[in-house]
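# Secondary and tertiary structure notes
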Amino acid sequence: MIEMSREAFEDLVGEALDTIPAELAAQMRNVVVVVEDDAPERGLLGLYQGVPLTERGDWYGAVLPDHISIYRREILRICDSEEDVVEEVRITVIHEIAHHFGIDDRRLHDLGY
C-alpha cells in the first residue's frame, strides 16, 4: 500500500475533476464529490448515490445533492506507485461521474472504466 496524505489525495481528485470537459461539467447539477478515508466494503473505490440525470423528471426538485464518494484508503491499498494512484483516482472519478450521467457499469467496463 502506498502512503499519501489526505490533502495530496484530495488534490488528485480535484485535478481529475478539472479534466472533465466544460460542456459536461456544466451539466453536473446538484452533485457533490467528497473524499472519504474508508469504504463501506473492501474493494469499493468510489460510490455514486443519487438520481442520475437520465432519470430526473418533472418531479425532481428540492432534493439533497447527489453524492459521489472517492475512497482514499481503498485506492491507496491497490496501488504500487504514485503514478498508479493518479491514474486510479482519474478512472474512479470518471466512473462515478458517468453514473451521474446515467451510464451503467456494463457500459463503463466496455469503455475501460
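What this report covers is the structure whose coordinates are included nearby. Sequence order sets the numbering: in each chain, residues are counted from 1 along the sequence as written. Only residues with pLDDT of 70 or above have their local features reported here, since the model is predicted, and side-chain atom pairs are shown and tallied only from 80 upward, although totals for entire chains, interfaces and linings are computed over all residues. With hydrogens and water excluded, all non-hydrogen atoms of the structure serve as input to the side-chain values.

This next bit is on the overall build of the protein chain. Counting secondary structure elements, the protein chain contains 5 helices and 3 strands. We count a stretch as a helix when DSSP gives it H or I for four or more residues in a row; a strand needs E for two or more, and each element gets its number in order from the N terminus. Traced from its N-terminal end to its C-terminal end, the protein chain shows the element sequence α-α-β-β-β-α-α-α. With the radius of gyration taken over C-alpha atoms, the globule rule is written as 2.2 Å times the number of residues to the power 0.38. Against the globule reference of 13 Å for 113 residues, the protein chain gives a C-alpha radius of gyration of 14 Å, in line with a compact fold. On the principal axes, the C-alpha backbone points of the protein chain span a range of 45 × 30 × 30 Å. Burial status follows relative accessibility: with a 1.4 Å probe on protein chains alone, a residue under 20% of its type maximum counts as buried, one over 50% as exposed, and anything between as partly exposed. For the protein chain, the proportion of its 113 residues judged to be buried stands at 35%. Two residues form a contact once any of their heavy atoms are found within 4.5 Å. Of the contacts formed within the protein chain by residues at least 6 apart in sequence, a portion of 75% connects residues at least 24 apart. Of the roughly 6800 Å² of accessible surface on the protein chain, 49% is carried by carbon and sulfur atoms. Computed by Shrake-Rupley with a 1.4 Å probe, the accessible areas treat only the displayed protein chains as cover when residues are assessed.

Let us now look at a negative patch on the surface. Each patch is built from salt-bridge-free residues with over 30% relative accessible area, joining like charges within 9 Å and nonpolar side chains (Val, Leu, Ile, Met, Phe, Trp, Tyr) within 5 Å. By salt bridge we mean one thing: a side-chain nitrogen of Lys or Arg within 4 Å of a carboxyl oxygen of Asp or Glu. The positive count covers Lys and Arg only, the negative count covers Asp and Glu only, and His and the chain ends enter neither. Just so you know, the charge point we use is NZ for Lys, CZ for Arg, CG for Asp and CD for Glu. On the surface, Glu7, Asp11, Glu15 and Asp18 cluster together into a negatively charged patch. Within the fold, Glu7 resides in helix H1 (residues 6–18).

To continue, consider the pattern of salt bridges. Counted according to the given criterion, the structure contains 6 salt bridges. One salt bridge connects Arg6 with Asp37, and the closest N-O pair in it is separated by 2.8 Å. Here Arg6 is found in helix H1, whereas its partner Asp37 is found in the loop between strand S1 (31–36) and strand S2 (46–49), with 31 residues between them in sequence. A salt bridge links Asp37 to Arg72; its shortest N-O distance comes to 2.8 Å. With a gap of 35 residues between them, Asp37 in the loop between S1 and S2 and Arg72 in helix H3 (residues 72–78) connect regions that are remote in the sequence. Exposure remark for Asp37: the relative accessible area of 23% places this residue in the partly exposed category.

A word on the side chain of His100. With respect to the secondary-structure elements, His100 resides in helix H4 (residues 82–100). Setting aside its immediate chain neighbours within four residues, His100 contacts Gln27, Met28, Arg29, Val31, Tyr48, Pro52, Leu53, Arg56 and Asp66.

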